[in-house]
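Residue-level structural notes
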Amino acid sequence: MTTIVPDDIAISPIEIELHRSFRRSAAAFARRQPLGSVGLAIVVVIFLAGLGAEWIAPYSPTANDFATMTEPPNWAHVLGTDQFGRDMLSRIVFGARTALIVGFTASLIGGFAGLVIGVGSAYFGGKLDLLVQRVLDILMAFPLIIMALAMVAIFGTGMHNTIIAITIPLFPRCARVLRASALAIREIPYVDAARACGFGHTRIILRHMVPNVMAPFLILLTAFVGQAILAEASLSYLGLGVQEPTPAWGLMLQGGAEEYAATAPWIAVFPGLAIALTVFGFSMFGDALRDVLDPKLRDR
């Protein structure tokens, strides 16, 4: 008996070959970069947890139940409850969403700002490049968390201000790395040929320079997400980042890391593990991505 496949759901040979190529590439990546594969798996799990928090969390992350305060892990509360009777698993799942929003937003804005500033500074050179680099030196003279604390003192607390406070220290680091890559690209003959053809500065930068710095740019983005998540947790732990009742891993550490360390250690252990695993996942995936995208490391 012959099965007739409708035209609207038929799969073309090109699509089949693309699926096979993707599977082969994924298998090769997992074989050559085992730690990177583990990091990618952690990132995917955290992303899915944050995306589907409403369906995964068994309870509301802000619902108080004073009859079940500081309960140890059990069948009703898999990870126990905190000092206000709130379910730890639900707060960790919703905290993943907060961490990803802050991490991805800060890293994307800071990364694209660094891309524009770094590539533009390298292309135009001269006094403009000298001035831009001195400003970046001043911003990079302060550690990320110190600069973030200063920005919070200026803009105030809250999720949006936390994103701004973390973005400002990130973009100078991205600009410095991308400028170094763009300086080498600027000396390649095809850039001079584009100028000789009468192309404008914007077209040369966007069509000929930016695509050639995308590999280090993507690597920086993955590293910046982990740094931003760690910075957000640090600021929230200090009471200067995300504020209650928004669930955040740093706030969970602030509420129970010291006072309940002996009587209810799960209040601090599980949020700490969530932060450590997330930062580890992005770091390992970023290192693997660097090895894959860098031709010298890939050949080695």
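1. Let's talk about the pattern of salt bridges
- Scanning the entire structure with this criterion turns up eight salt bridges.
- Note that Arg97 is salt-bridged to Glu54, the shortest N-O span being 2.7 Å. Here Glu54 lies in helix H3 (residues 53-56) and Arg97 lies in helix H4 (residues 88-124), a separation of 43 residues in the sequence.
- Judged by its relative accessible area of 44%, Glu54 falls in the partly exposed class.
- Across the salt bridge formed by Arg134 and Asp137, the nearest N and O atoms sit 2.8 Å from each other. Here the residue Arg134 and the residue Asp137 both occupy positions in helix H5 (residues 126-140), the gap between them amounting to three residues, near one helical turn.

2. Concerning the nonpolar core
- Among the nonpolar cores identified, the biggest contains 33 residues, and Leu115, Val119, Ile166, Leu170, Leu178 and Val213 are the most heavily contacted of them.
- Breaking this core down by element, the ones donating at least two residues are H4, helix H6 (144-155), helix H7 (159-186), helix H8 (189-196), helix H9 (201-209) and helix H10 (214-237).
- Of all the elements, H7 adds the most residues to this core, at eight residues.
- In this structure, Ile166 is in contact with Val102, Ala106, Ala228, Ala231, Glu232 and Leu235, ignoring residues within four places of it in sequence.
- In terms of nonpolar packing, the next biggest core, distinct from the first, is built from 24 residues, Ile46, Ala96, Ala233 and Trp266 among them.

3. Quick word on the packing of aromatic side chains
- Scanning the entire structure with this criterion turns up three aromatic pairs.
- Summarising the aromatic geometry, the rings of Phe104 and Phe282 are spaced 6.0 Å apart at their centres and angled 75° between planes, so their arrangement reads as edge-to-face. Of the two residues, Phe104 is situated in helix H4 and Phe282 in helix H12 (residues 266-293); the sequence distance between them amounts to 178 residues.
- Under the relative-accessibility criterion, Phe282 is labelled buried at 5%.
- Above the face of the Phe199 ring, Arg203 is positioned so that its terminal group lies 4.1 Å from the ring centre.

4. A look at a nonpolar patch on the surface
- Residues Leu40, Val44, Phe47, Leu48, Leu51, Phe104, Leu108 and Phe112 make up a contiguous nonpolar surface patch of about 700 Å² in total accessible area.
- Put simply, the parts of the chain that give the nonpolar patch at least two residues each are helix H2 (34-51) and H4.
- Ranked by residues supplied to the nonpolar patch, first place goes to H2 with five residues.
- Inspection of the secondary structure puts Val44 in helix H2.
- The class for Val44 is partly exposed, based on a relative accessible area of 40%.

5. Notes on the packing of H6 against H10
- Running from N to C, H6 and H10 point in directions that differ by 55°, and their axes come no closer than 11 Å. Taken as axis vectors, H6 and H10 run oblique relative to one another. Considering only the axes of H6 and H10, their crossing is right-handed. Counted together, Leu144, Ile145, Ala148, Leu149 and Val152 of H6 and Gln227, Ala231, Ser234 and Leu235 of H10 form the full contact between these two elements.
- In terms of residue class, the contact of H6 with H10 is built from seven nonpolar, two polar and no charged.

Procedures and definitions
- Residues numbered from 1 in each chain as written.
- Predicted model: local features only at pLDDT ≥ 70, side-chain atom pairs only at ≥ 80, totals over all residues.
- Heavy atoms only, no water.
- Salt bridge = Lys/Arg side-chain N within 4 Å of Asp/Glu carboxyl O.
- Helix = DSSP H or I, 4+ residues; strand = E, 2+ residues; numbered from the N terminus.
- Buried < 20%, exposed > 50% of the residue type's maximum accessible area, 1.4 Å probe, protein only.
- Core = buried A, V, L, I, M, F, W, Y, C linked by side-chain atoms within 4.5 Å.
- Contact = heavy atoms within 4.5 Å.
- Phe/Tyr/Trp six-rings, centres within 6.5 Å; stacked < 30°, edge-to-face > 60°.
- Lys NZ or Arg CZ within 6 Å of the ring centre and 35° of its normal.
- Patch = residues over 30% accessible without salt bridge, like charges linked within 9 Å, V, L, I, M, F, W, Y side chains within 5 Å.
- Areas by Shrake-Rupley, 256 points an atom, 1.4 Å probe, with all protein chains shown as cover.
- Axes fitted to C-alpha atoms, helices over the stretch in contact; angles between N-to-C directions.
- Parallel < 35°, antiparallel > 145°, perpendicular 65-115°, else oblique.
- Left-handed = near helix turned anticlockwise from the far one by under 90°.
- Nonpolar A, V, L, I, M, F, W, Y, C, P; charged D, E, K, R; others polar.

Just geometry here; none of it tells us what the structure is for.
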